[in-house]
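# Secondary and tertiary structure notes
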Amino acid sequence: MTRRTPEVALAAALAAALVAAPARADENDYPTDARADYVFGCMAANGQTREALEKCSCSLDALASILPYDKYVQASTILSMRQGIGQRTTAFKSTKMFDDKVADLRRAQAEAEIRCYRGAS
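Residues numbered from 1 in each chain as written. Predicted model: local features only at pLDDT ≥ 70, side-chain atom pairs only at ≥ 80, totals over all residues. Heavy atoms only, no water.

### Some points on the overall build of the protein
Of regular secondary structure, the protein possesses six helices and zero strands. Ordered by position from N to C terminus, the α and β elements of the protein give α-α-α-α-α-α. The long-range share in the protein, meaning contacts at least 24 apart out of those at least 6 apart in sequence, stands at 60%. Taken as a whole, the protein presents about 8700 Å² of accessible surface, with 58% of it coming from carbon and sulfur. (Helix = DSSP H or I, 4+ residues; strand = E, 2+ residues; numbered from the N terminus. Contact = heavy atoms within 4.5 Å. Areas by Shrake-Rupley, 256 points an atom, 1.4 Å probe, with all protein chains shown as cover.)

### Regarding the nonpolar core
Ranked by size, the top nonpolar core spans 19 residues in total, and within it Tyr 30, Leu 63, Tyr 72 and Leu 105 carry the most contacts. For this core, the elements supplying multiple residues, two or more each, are α2 (32-46), α3 (50-66), α4 (69-82) and α6 (96-118). With five residues, α3 is the largest single contributor of residues to this core. Among all residues touching Tyr 72, those that are not within four sequence positions of it are Tyr 30, Tyr 38, Leu 63, Leu 67 and Leu 105. (Core = buried A, V, L, I, M, F, W, Y, C linked by side-chain atoms within 4.5 Å. Buried < 20%, exposed > 50% of the residue type's maximum accessible area, 1.4 Å probe, protein only.)

### Concerning the pattern of salt bridges
Following the criterion strictly, the structure yields seven salt bridges and no others. The shortest N-O distance in the salt bridge between Asp 61 and Arg 35 comes to 3.0 Å. With a gap of 26 residues between them, Asp 61 in helix α3 and Arg 35 in helix α2 connect regions that are remote in the sequence. Judged by its relative accessible area of 16%, Arg 35 falls in the buried class. Glu 113 is paired through a salt bridge with Arg 118; the nearest N and O atoms lie 3.1 Å apart. (Salt bridge = Lys/Arg side-chain N within 4 Å of Asp/Glu carboxyl O.)

### Things to note about the packing of α4 against α6
Between α4 and α6, the least distance of the axes is 9 Å, while the angle of their chain directions is 115°. Judged on the interaxial angle alone, α6 and α4 are roughly perpendicular. Considering how the two elements wind past one another, α4 and α6 form a crossing that is left-handed. Residue-level contacts link Tyr 72, Gln 74, Ala 75, Ser 76, Ile 78, Leu 79 and Arg 82 of α4 to Phe 98, Asp 99, Lys 101, Val 102, Leu 105 and Arg 106 of α6. Class assignment for the residues of the contact of α4 with α6 results in seven nonpolar, two polar and four charged. (Axes fitted to C-alpha atoms, helices over the stretch in contact; angles between N-to-C directions. Parallel < 35°, antiparallel > 145°, perpendicular 65-115°, else oblique. Left-handed = near helix turned anticlockwise from the far one by under 90°. Nonpolar A, V, L, I, M, F, W, Y, C, P; charged D, E, K, R; others polar.)

### Here we look at the state of the cysteines
Each disulfide is one covalent bond, formed between the sulfur atoms of two cysteines. As enumerated under the stated definition, the model contains two disulfides in all. A sulfur-sulfur distance of 2.1 Å marks the disulfide that ties Cys 42 to Cys 56. Taking the sign of the S-S torsion, about -80° here, the bridge from Cys 42 to Cys 56 comes out left-handed. You can see Cys 42 sitting in helix α2 and its partner Cys 56 sitting in helix α3, a full 14 residues away along the chain. A relative accessible area of 12% places Cys 42 in the buried class. Between the sulfur atoms of Cys 58 and its disulfide partner Cys 116 the distance amounts to 2.0 Å. As the torsion about the S-S bond is roughly -75°, the Cys 58-Cys 116 disulfide counts as left-handed. Placement of the pair is Cys 58 in helix α3 and Cys 116 in helix α6, with a sequence separation of 58 residues. For Cys 116, a relative accessible area of 3% translates into the label buried. (Disulfide = S-S within 2.5 Å.)

Worth remembering: the numbers are spatial, not functional.
Spelled out as structure tokens, the structure:
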């Protein structure tokens, strides 16, 4: 019987934990151009300061940890389509499935605001 050193036992436990860990969404699945676009827009609305940069970056990181990028794109597209006029936009304004996707985005944005704006001093 071989004795295991504490380092070997720790490595084995860590490997087992990684294998057993549930899969989660990649929090960094937002492409760089989408991240930059979000932060630029956020800073335009909140000031062109270093503090705004930090809060906007925090907000995006929080949003990305809650909402996968594909769902963010879907909700953003729906919101863009709702800005128009005509028959095509009516479908985007009056469909529950679209309302639910936008609601998911709004909840994620609210959580990001709490984490980054209200929680910060």
